Amino acid sequence: MEVIHGKKVARTYGFPTANLKTPCVNEPGIFFGLANGAPSIIYTSARDLFLVEAHMLNVDVDLYGKTVHIDILCKIRDDKTFTSMDDTLEQIKVDMCIANILAAMINIPHRVALSFSGGKEACILHHCLRMLHVDFDSFHYKKGQQETPPFVLAYNPTVVHGDMEASVRALDDTHGTVFLGVRRDDFADRPVVYTSTWLEKCNVVCPLYDLDYHTIWMIIDTLGVKVSDLYAEGYTSVGYNSTPNKLLMLFSGGYKHARTFKCVEYERK
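All values derive from a computational prediction rather than experimental measurement.

Student: Lay out the overall build of the protein chain in plain terms, naming residues and giving numbers.
Tutor: For the protein chain, the count of helices and strands is seven helices and 11 strands. Rg of the C-alpha trace for the protein chain: 21 Å, near the compact-globule value of 18 Å for 269 residues, within the 12% margin. Projected onto its principal axes, the C-alpha coordinates of the protein chain cover approximately 65 × 55 × 35 Å. Sequence separation of 24 or more characterises 65% of the internal contacts of the protein chain that already satisfy a separation of 6 or more. Accessible area for the protein chain stands at about 14,700 Å²; split by element, carbon and sulfur atoms hold 53% of it. Mean positive and mean negative side-chain charge positions of the protein chain (27 and 32 charges, respectively) differ by 3 Å.

Student: If you had to explain the sheet that holds strand β9 (residues 158-160) to someone new, which residues and values would you point to?
Tutor: If you walk across this open sheet you meet the five strands as β9-β8-β7-β10-β11, and the pairing is parallel. Of all the strands in the sheet, just β9 and β11 (203-205) have a single pairing partner and so form its edges. Strand-to-strand twist of the sheet, defined as the mean angle between neighbouring strand axes without regard to direction, takes the value 30 degrees. Relative to β9, strand β8 (residues 137-141) runs parallel, the two being bridged by three bridges. Bridging from a neighbouring strand, Phe-139 pairs with Thr-158 of β9. In this fold helix α3 (residues 120-131) packs onto β7 (112-115), β8 and β10 (177-179), with an angle of close to 150 degrees to the strand it touches most, β7.

Student: Can you lay out the side chain of Glu-121 for me, pointing to particular residues and giving the numbers?
Tutor: Mapping Glu-121 onto the fold places it in helix α3. For Glu-121, a relative accessible area of 5% puts it in the buried group. Among the polar contacts made by the side chain of Glu-121, one reaches the side chain of Arg-183 at a distance of 2.6 Å. In this structure Glu-121 touches Gly-181, Arg-183, Asp-186, Leu-208, Ile-216 and Glu-267, once residues within four positions along its chain are discounted.

Student: Any chance you could break down the environment of His-214 for me, citing the residues and the numbers?
Tutor: Here His-214 is to be found in helix α7 (residues 213-223). Through-space distance from the C-alpha of His-214 to that of Thr-260 is 8.4 Å; in sequence the pair is 46 residues apart. In contact with His-214, not counting residues within four places along its chain, are Arg-259, Phe-261, Lys-262 and Val-264. In terms of polar contacts, His-214 uses its side chain to reach the backbone carbonyl oxygen of Phe-261, at 3.1 Å.

Student: Got a sec to walk through α7? Specific residues and values, please.
Tutor: Most of α7 sits out of view: eight of its 11 residues are buried. The complete set of buried residues in α7 reads Tyr-213, Thr-215, Ile-216, Trp-217, Ile-219, Ile-220, Thr-222 and Leu-223. In this structure, the buried side of α7 is in contact with β6 (70-77), α2 (85-103) and α3. The N-cap residue of α7 is Asp-212: its side-chain oxygen and the backbone nitrogen of His-214 are 3.0 Å apart. Taken from the residues just after α7, Gly-224 is the one with a positive phi, measuring 70 degrees.

Student: If you had to explain the packing of α2 against α7 to someone new, which residues and values would you point to?
Tutor: Here α2 crosses α7 at 85 degrees, and the two axes come no closer than 10 Å. Here α2 is positioned roughly perpendicular relative to α7, judged by the angle of their axes. For the pair α2 and α7, the contacting residues are Glu-90, Gln-91, Val-94, Asp-95, Cys-97, Ile-98 and Ile-101 in the first and Thr-215, Met-218, Ile-219, Thr-222 and Leu-223 in the second. Per-class residue counts for the contact of α2 with α7 are seven nonpolar, three polar and two charged.

Student: Talk me through unusual backbone geometry; I want residue IDs and the actual numbers.
Tutor: Backbone geometry places His-133, a non-glycine residue, at a positive phi of 60 degrees. Relative accessible area serves as the criterion here: at 67%, His-133 is assigned to the exposed category. Even without glycine at this site, Asn-156 takes up a positive phi of about 55 degrees. Owing to a relative accessible area of 66%, Asn-156 belongs among the exposed residues under this scheme.

Student: Can you explain the pattern of salt bridges? Please cite residues and give values.
Tutor: A complete count under the given rule lists 12 salt bridges for this structure. Across the pair Glu-267 and Lys-120 runs a salt bridge, and its minimum N-O distance is 2.8 Å. Highlighted residues: Glu-267 in the segment after α7 and Lys-120 in helix α3, separated in sequence by 147 residues. The buried category is assigned to Glu-267, whose relative accessible area is 2%. Residue Lys-120 is classed as buried on the basis of its relative accessible area, which comes to 2%. The partner of Glu-121 in a salt bridge is Arg-183, and the shortest N-O contact between them spans 2.6 Å. One end of the pair, Glu-121, is in helix α3; the other, Arg-183, is in the loop between β10 and β11, and 62 residues separate them in sequence.

What counts and how
Residues numbered from 1 in each chain as written. Predicted model: local features only at pLDDT ≥ 70, side-chain atom pairs only at ≥ 80, totals over all residues. Heavy atoms only, no water. Helix = DSSP H or I, 4+ residues; strand = E, 2+ residues; numbered from the N terminus. Rg over C-alpha atoms; globule rule 2.2 N^0.38 Å. Contact = heavy atoms within 4.5 Å. Areas by Shrake-Rupley, 256 points an atom, 1.4 Å probe, with all protein chains shown as cover. Lys, Arg positive; Asp, Glu negative; His and termini not counted. Charge placed at Lys NZ, Arg CZ, Asp CG, Glu CD. Pairing = 2+ DSSP bridges. Axes fitted to C-alpha atoms, helices over the stretch in contact; angles between N-to-C directions. Buried < 20%, exposed > 50% of the residue type's maximum accessible area, 1.4 Å probe, protein only. Polar contact = N/O pair within 3.5 Å; in protein donor to acceptor, adjacent residues only side chain to side chain. Parallel < 35°, antiparallel > 145°, perpendicular 65-115°, else oblique. Nonpolar A, V, L, I, M, F, W, Y, C, P; charged D, E, K, R; others polar. Salt bridge = Lys/Arg side-chain N within 4 Å of Asp/Glu carboxyl O.

Okay, here's the thing in structure tokens:
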């Protein structure tokens, strides 16, 4: 498909797109795929089902008059009309975050592992790997004699008993890539660049690392990621020995949902 000139509206907001006229009707929505082999976010508006817009992630090239081949790999969400440009741009930024997560998951070398804690970040990674039909092994590391949470078991991971460090180190011999659901603001002392002190040969991928707490919840809502019911009961962390966060306690009883949490520095308190 040849790139044509559009209204250049997206470019003014920092999201330049290649406009492509297609000979057939396209499904409306926001998609992730490849444009000439480059990871891209792809948009088809319900207003013109013969027009496709593609934004190449982290690529700035002049495509006017050139041919672009589109491969759609998965759908991010349906097309939606927002009440303001601010809301539109906020959602586009979330869509871009999702596309970057997905981009980190394609063309992964060797066997893939996911460290599955049952937390919201691990659930996002699990969901995105399945969106792309990436084969992976999911591991949940059990501490002591504590019972594995039912929500974790619902994902059917391999539950690993015993010393966690020794178990993780074993992945160096069995897997080529390990995905970790960590964010820099999980703890105040996280480094700017995350490096594993346990894995030396594995490629450790942390595609959520630079995302903030509220963006994580917007990704969950956009993709419809299934998360533990404990978040609706005031838990901001769902690891072993977690309890409802007192900062979400209501005077009338009960707790607000974790997605409403403001004091993210106390997420794990």
